[in-house]
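Chain by chain, the residues run as shown.
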Amino acid sequence: TGMPEPEKLGPPYPIVLAHGFFGTDNFAGLDFATYFFNVKDHLNKQGEMNVYTPAVDPFNSSDYRGDQLIAHIEKILKETGHAKVNIIGHSQGGLDARAVAHKRPDLVASVVTVATPHYGAPVADVVLQLVDDPLYQDVLNELLKLIGAPLYDDLGNETDVFKALYLFSQPGINEFNASHPNQPGVYYAS
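Residues numbered from 1 in each chain as written. Predicted model: local features only at pLDDT ≥ 70, side-chain atom pairs only at ≥ 80, totals over all residues. Heavy atoms only, no water.

Draft legend 1. Structural context of the packing of aromatic side chains. Summed over all chains, the structure comprises 2 aromatic pairs. Arranged with centres 5.7 Å apart and planes meeting at 75 degrees, the rings of Phe 21 and Phe 59 form a pair that is edge-to-face. With Phe 21 in the loop between strand 1 (15–18) and helix 1 (39–45) and Phe 59 in the loop between strand 2 (51–52) and helix 2 (62–80), this residue pair connects regions lying 38 residues apart in the sequence. According to the relative accessible area criterion, Phe 21 is partly exposed, its value standing at 28%. Given the relative accessible area of 2%, Phe 59 is considered buried. Ring centres of Phe 21 and Phe 168 lie 5.8 Å apart, and the angle between their planes is 75 degrees; this geometry places the pair in the edge-to-face category. Here Phe 21, found in the loop between strand 1 and helix 1, pairs with Phe 168, found in helix 6 (residues 161–168); they are 147 residues apart in sequence, far enough to count as distant. Each member of the aromatic cluster is reached from another via a ring pair, and the members are Phe 21, Phe 59 and Phe 168. (Phe/Tyr/Trp six-rings, centres within 6.5 Å; stacked < 30°, edge-to-face > 60°. Helix = DSSP H or I, 4+ residues; strand = E, 2+ residues; numbered from the N terminus. Buried < 20%, exposed > 50% of the residue type's maximum accessible area, 1.4 Å probe, protein only.)

So, in structure tokens, the structure goes:
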């Protein structure tokens, strides 16, 4: 049609709060117990009115969760008219934020991580050694789906706690760090 794209809004950019492993916006599906308890309200009182808490798969790799987060961010940017977002990620949400910034640096002004296992979590290596048999992994995944389904309405067939545990293991986090370097133009803080 020849119509130019509307100018995108600059800073202050919307804030996206990215939850960690086993989390969603409403923690465990409870309306009164949000994952980011009072954080959104506090930011609103400080003048930050565009604060979002999108939910991603509670049990999966950060690349999978990051792709889900990208879809949420694209909707947020369309809704607000801004060019980018600032992502604050807690725990695995920080790795998700890094995955988003690596794949789509054009959408991200900054990544701030809180209590993120950038160097892995030793307990993941222990758990993976204990349940080395794929049969145990299948049984545990099915158990988590049974337990999680009533808690998380969006828990799908793709969820896999062992993808997240592998990510937190030394081999997994080393692969993630090597394949997700910081991107020029994105501010990183932890």
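Additional details are given in the paragraphs that follow.
Draft legend 2. Structural detail: the sheet that holds strand 1. Taken together, the 5 strands give an open sheet; going across it, the order is 2-1-3-4-5, and neighbouring strands pair in parallel fashion. Edge positions in the open sheet fall to strand 2 and strand 5 (187–189), since each of these has one partner strand only. Examined bridge by bridge, strand 4 (residues 108–114) and strand 5 share 3 bridges and lie parallel to one another. Bridge assignment links Ser 110 to a residue of strand 5, and that residue is Tyr 187. (Pairing = 2+ DSSP bridges.)

Draft legend 3. The pairing of strand 1, seen in detail. Side chains of strand 1 alternate between two faces, with Ile 15 and Leu 17 and Val 16 and Ala 18 buried alike. In this structure, strand 1 lies alongside strand 2, joined through 2 bridges in parallel fashion. By the bridge assignment for strand 2, Val 16 is matched with Tyr 52. Here strand 1 runs beside strand 3 (residues 85–90); their pairing, made up of 4 bridges, is parallel. Across the sheet, residue Ile 15 finds its bridge partner in strand 3, namely Asn 86.

Draft legend 4. Structural context of the environment of Pro 117. Tracing the chain through its elements places Pro 117 in the loop between strand 4 and helix 4 (122–130). Exposure remark for Pro 117: the relative accessible area of 16% places this residue in the buried category.

Draft legend 5. The arrangement of the environment of Ala 99 in detail. Structurally, Ala 99 is set in helix 3 (residues 92–103). Since its relative accessible area comes to 0%, Ala 99 is described here as buried. C-alpha separation for the pair Ala 99 and Asn 182, spaced 83 residues apart in sequence, amounts to 9.6 Å. Residues within four places of Ala 99 in sequence aside, it is in contact with Ser 62, Asp 63, Gly 66, Phe 176 and His 180. (Contact = heavy atoms within 4.5 Å.)

Treat this as a map of the structure, not an account of what it does.
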